[in-house]
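Breakdown of the fold
Listed below are the residues making up each chain.
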Amino acid sequence: MFMRVDRLITELPPPQTQDPNAAAALQELLGGKYGEMSTLGNYMFQSFNFRSKDKLRPFYSLVASITAEELAHVELVSNGVAMLNSGPDKKNGDKGNGGDISKTPFEAMTDIRLAAAFLANGGGATPVNSNGVSWNTDFITTTGNVIFDLLHNFHLECGARLHKMRVYETLSDPTGREVCGYLLVRGSVHAHSYALAIEKLTGVDIKKMLPTPNIPLGNIPECQKYLDEGSHRRLYTWSNTDYQEISGIWGNGEVALPDDPPGELEVVEGMPEGGKMQQLVGVPSAFTPDYAPEEMFEIASKLYKASR
């Protein structure tokens, strides 16, 4: 089962400008071949299909616990995409009606790279890549063979790191860069954890291939605060009672990768503290949440008071 918490896995700075083309680039990290939908789908179905769970508990728990974090990553990227599509919140922007729509208030949107992000989704994110091509289940590998699936997951995390690096290089807005910085650190953790799992099973020191591509996280300013707080050394159980067995892989004297700040790896019970969710003020002229939303707000206010 999954439990949902009304926070983002990390807080994102507000966008400086409305930049739908930057949002389109960020879509690659959501619906691309190596995006968060792929990591989530692979680990989720591998954990559902895992055989001999009790006898292989540390390996099952590793895949299962990372699944929960990947769901949080999908949410993080989706929020980053929506924030970049929307731009800075306008104070009281969702008050009043949508005005005269005959004046083509969104004419400029016809020139953006992913026009469907506005025309179909109101500025929201969907599981597509940077060109609007739908994510698909062909990107999921779940063979039932533990070593093969772990090796595929290692490959997937390395591919995701490469794509994040390239997307990062295309962005200047702090919202998109923060998404990339955080995911680069956490993706490095997951690649490292799968490498250790393969090493425990086979004796092959596959972590010598890390980092791939070969650039230290310390070279990326948006990664620095996460390195300073030790996020590169932490693996979360995402449960208060289960998946503790990952400490047999991520622990026992294992240490951070050579290019990262030194220290022993640690398992943290539960989940990260996270950060607040961006409000994403409505745009009545785009019918989000509607052309004249005051009645909706009034109804919601009454329902909120009744719930207290």
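Note: the structure precedes this text.
Source: prediction; values computed, not measured. Throughout this description, residue numbers start from 1 for each chain and increase along the sequence as written. It should be noted that, the model being predicted, local features are given only for residues of pLDDT at least 70 and side-chain atom pairs only at 80 or more, the latter also being counted only at that level, while totals for whole chains, interfaces and linings use all residues. Heavy atoms from the whole structure form the basis of all side-chain values; hydrogens and water molecules are not counted.

Let's shift gears to the overall build of the chain. Scanning the chain from N- to C-terminus turns up nine helices and two strands. A helix here means a DSSP run of H or I that spans at least four residues, while a strand means a run of E at least two residues long, and both kinds are numbered starting from the N terminus. Along the chain, helices (α) and strands (β) appear in the sequence α-α-α-α-α-α-α-α-β-β-α when read from the amino end. What the globule rule says is 2.2 Å times the number of residues to the power 0.38, and the radius of gyration is computed from C-alpha atoms. In summary, the chain has a C-alpha radius of gyration of 21 Å against a globular reference of 19 Å for 308 residues, a match within 12%. In terms of its C-alpha atoms, the chain occupies a principal-axis envelope of roughly 70 × 45 × 35 Å. Burial classes follow relative accessibility: with a 1.4 Å probe on protein chains only, a residue under 20% of its type's maximum area counts as buried, one over 50% as exposed, and anything between as partly exposed. A burial count over the chain gives 49% of its 308 residues as buried. When the accessible surface of the chain is totalled, it reaches about 15,400 Å², and 53% of it is carbon and sulfur. For the chain, the separation between the mean place of its 27 positive charges and that of its 38 negative charges on side chains is 2 Å. To measure how exposed things are, a 1.4 Å probe is used in the Shrake-Rupley method; for residues, cover is taken only from the protein chains shown. In this charge count, Lys and Arg are treated as positive and Asp and Glu as negative; neither His nor the chain ends contribute. Charge coordinates come from a single atom per side chain, which is NZ of Lys, CZ of Arg, CG of Asp or CD of Glu.

A separate point is the nonpolar core. In these notes, a set of buried Ala, Val, Leu, Ile, Met, Phe, Trp, Tyr and Cys residues joined through side-chain atoms within 4.5 Å is what counts as a nonpolar core. If you look at the biggest cluster of nonpolar residues, it comprises 38 residues, and the most contacted ones within it are Leu 26, Leu 76, Val 77, Leu 171 and Cys 180. Looking at this core element by element, the count peaks at eight residues for helix 4 (residues 57-86). Residues count as neighbours in contact if any of their non-hydrogen atoms are within 4.5 Å of one another. Each residue touching Leu 26, except ones within four places of it in the same chain, is listed here: Val 77, Gly 80, Val 81, Leu 84, Val 167, Leu 171, Gly 176, Val 179 and Cys 180. Grouped together as the second largest cluster of nonpolar side chains are 31 residues, Phe 50, Val 189, Ala 195 and Ile 246 included.

Glancing now at the pattern of salt bridges. Any Lys or Arg side-chain nitrogen found within 4 Å of a carboxyl oxygen on Asp or Glu counts as a salt bridge. The final tally for this structure, using the stated rule, is 12 salt bridges. Notably, a salt bridge pairs Glu 199 with Lys 207, separated by 3.0 Å at the nearest N-O pair. On the basis of relative accessible area, Glu 199 is assigned to the partly exposed category, the value being 22%. A salt bridge links Glu 266 to Arg 234, with the shortest nitrogen-to-oxygen separation between them at 3.5 Å. In this pair, Glu 266 sits in strand 2 (residues 266-268) while Arg 234 sits in strand 1 (residues 234-236), placing the two residues 32 residues apart along the sequence. It is possible to trace a salt-bridge network through shared partners that takes in Asp 54, Arg 57 and Glu 245.

Another point: the state of the cysteines. By disulfide we mean two sulfur atoms from cysteines, separated by a distance within 2.5 Å. Tallied over the entire structure, the rule returns zero disulfides. Free cysteine Cys 180: the closest other cysteine sulfur is in Cys 223, separated by 9.0 Å.

If you check helix 6 (residues 146-170), its first and last C-alpha atoms are 36 Å apart, about what 25 residues at 1.5 Å a residue would give, namely 36 Å. Between a side-chain oxygen at the N-terminus of helix 6 and the backbone nitrogen of Ile 147 the separation is 3.4 Å; the capping residue is Asn 145. For a helix, the expected span equals 1.5 Å multiplied by the number of residues minus one. We call two N or O atoms a polar contact when they sit within 3.5 Å, provided that within protein one can donate a hydrogen and the other can accept it, with sequence-adjacent residues counted only if both atoms are side-chain atoms.

Using only the protein atoms, space was sampled on a 1 Å grid; points where a 1.4 Å probe fits but cannot get out form cavities, open sets with protein on both sides within 12 Å along at least five of seven lines form pockets, and lining residues are those with an atom within 4 Å of a point. Grid points are joined across faces, edges and corners, and a volume is the space filled by probe spheres set on the points. Its boundaries defined by the atoms lining it, the largest pocket holds a volume of some 860 Å³. Along its surface, the largest pocket is lined by 29 residues, and Phe 2, Met 3, Arg 4, Ala 68 and Trp 238 are the ones closest to its centre. For the lining of the largest pocket, the secondary structure elements donating two or more residues are helix 3 (36-49) and helix 4. In terms of residue count, helix 4 provides more of the lining of the largest pocket than any other element does, eight residues in total. Side-chain classes follow a simple rule in which Ala, Val, Leu, Ile, Met, Phe, Trp, Tyr, Cys and Pro form the nonpolar group, Asp, Glu, Lys and Arg form the charged group, and the remainder, Gly included, forms the polar group. Per-class residue counts for the lining of the largest pocket are 16 nonpolar, eight polar and five charged. There is about 450 Å³ of room inside the second largest pocket. Where the lining of the second largest pocket is concerned, the elements lending two or more residues are helix 4 and helix 5 (116-119). The element contributing the most residues to the lining of the second largest pocket is helix 4, with three residues. Its residues assigned to classes, the lining of the second largest pocket comprises 12 nonpolar, 10 polar and two charged.

By the definition in use, this model includes five cavities of 30 Å³ or more. The volume enclosed by the largest cavity comes to roughly 90 Å³. Of the residues forming the lining of the largest cavity, the biggest block, four residues, is contributed by helix 6. Its residues assigned to classes, the lining of the largest cavity comprises four nonpolar, five polar and two charged.

Here the focus is the packing of aromatic side chains. Pairing of aromatic rings covers Phe, Tyr and Trp, the last counted by its six-membered ring, and requires centre-to-centre distances within 6.5 Å; plane angles under 30 degrees mean stacked, over 60 mean edge-to-face, and any other angle means tilted. What the rule picks out here adds up to eight aromatic pairs. Taken together through their ring pairs, the aromatic side chains of Phe 50, Tyr 60 and Tyr 243 make up a single cluster. Should the NZ of a Lys or the CZ of an Arg lie within 6 Å of a ring centre and within 35 degrees of the ring normal, that charge is described as sitting over the ring. Against the face of Tyr 60 rests Lys 53, its NZ or CZ located 5.4 Å from the ring centre.

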